[in-house]
Amino acid sequence: MSCPHCDADAVAFAVPPALREYAPADAAAICTRCLRVVPAAEAGFEGSAPADPNLSAVDSAFPSGEAGVALALCCGKLESFALNRASIEALVRHAEEAGADAFAFFDRLDAPNAAFDLDRRRAALRDAI
């Protein structure tokens, strides 16, 4: 599987029903380089996407389970913070309710090639939430 935007590897995951309104499809994929989230089919994934994906392939900061999926979807929204603010806030809230420390995650996340300026998004998240 590869990202349709930058050709880096992508990690597919099944989107839990509670998060589907924030996802591009029922099965999505996050790029290991640019952190964009696309439908899993666009990344070349065929078959059933894993419900508990190994998101540590993207970055070791990702928690497991539904919290990790929520934060992966959140990363996919960060390219346009202003347009996606409500979704970002909901996804951060969901991740925290699932047991993750979202602010610690974003502090530890190492993504120099992200499709967005991670330092600016960290500051925006602190201000918004």
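These figures come from a predicted structure and were not determined experimentally.

Draft legend 1. Just the packing of aromatic side chains, in detail. For the structure shown, the criterion picks out 2 aromatic pairs. Considering the side-chain rings of phenylalanine 105 and phenylalanine 106, the 4.8 Å spacing of their centres and the 70° angle between planes classify their relative orientation as edge-to-face. Classification of phenylalanine 106 as buried rests on a relative accessible area of 3%. Among the aromatic residues, those joined into a cluster by ring pairs are Phe62, Phe105 and Phe106.

Draft legend 2. Molecular detail of the packing of helix 1 (residues 65-77) against helix 2 (residues 81-97). One way to put it is that helix 1 packs onto helix 2 with a least axis distance of 9 Å and a crossing angle of 170°. Judged on the interaxial angle alone, helix 2 and helix 1 are roughly antiparallel. Where helix 1 abuts helix 2, its residues Glu66, Ala67, Ala70, Leu71, Leu73, Cys74 and Lys77 lie against Phe81, Asn84, Ser87, Ile88, Leu91, Val92, His94 and Ala95.

Draft legend 3. Focus on the pattern of salt bridges. Counting across every chain of the model gives 5 salt bridges. Here arginine 126 ties to aspartate 107 by a salt bridge, and the two come within 2.5 Å at their closest N and O atoms. With arginine 126 in helix 4 (residues 118-128) and aspartate 107 in helix 3 (residues 102-108), this residue pair connects regions lying 19 residues apart in the sequence. We classify arginine 126 as partly exposed; its relative accessible area is 45%. Among the residues examined, aspartate 107 registers a relative accessible area of 44% and is labelled partly exposed. Among the ionic pairs, aspartate 119 bridges to arginine 122, the shortest N-O distance being 2.7 Å. In this pair, aspartate 119 and arginine 122 are both assigned in helix 4, 3 residues apart and thus about one turn of the helix distant. You can call arginine 122 buried: its relative accessible area is 14%.

Calculation notes
- Residues numbered from 1 in each chain as written.
- Predicted model: local features only at pLDDT ≥ 70, side-chain atom pairs only at ≥ 80, totals over all residues.
- Heavy atoms only, no water.
- Phe/Tyr/Trp six-rings, centres within 6.5 Å; stacked < 30°, edge-to-face > 60°.
- Buried < 20%, exposed > 50% of the residue type's maximum accessible area, 1.4 Å probe, protein only.
- Axes fitted to C-alpha atoms, helices over the stretch in contact; angles between N-to-C directions.
- Helix = DSSP H or I, 4+ residues; strand = E, 2+ residues; numbered from the N terminus.
- Parallel < 35°, antiparallel > 145°, perpendicular 65-115°, else oblique.
- Contact = heavy atoms within 4.5 Å.
- Salt bridge = Lys/Arg side-chain N within 4 Å of Asp/Glu carboxyl O.

No statement about biological role is implied by the geometric values presented.
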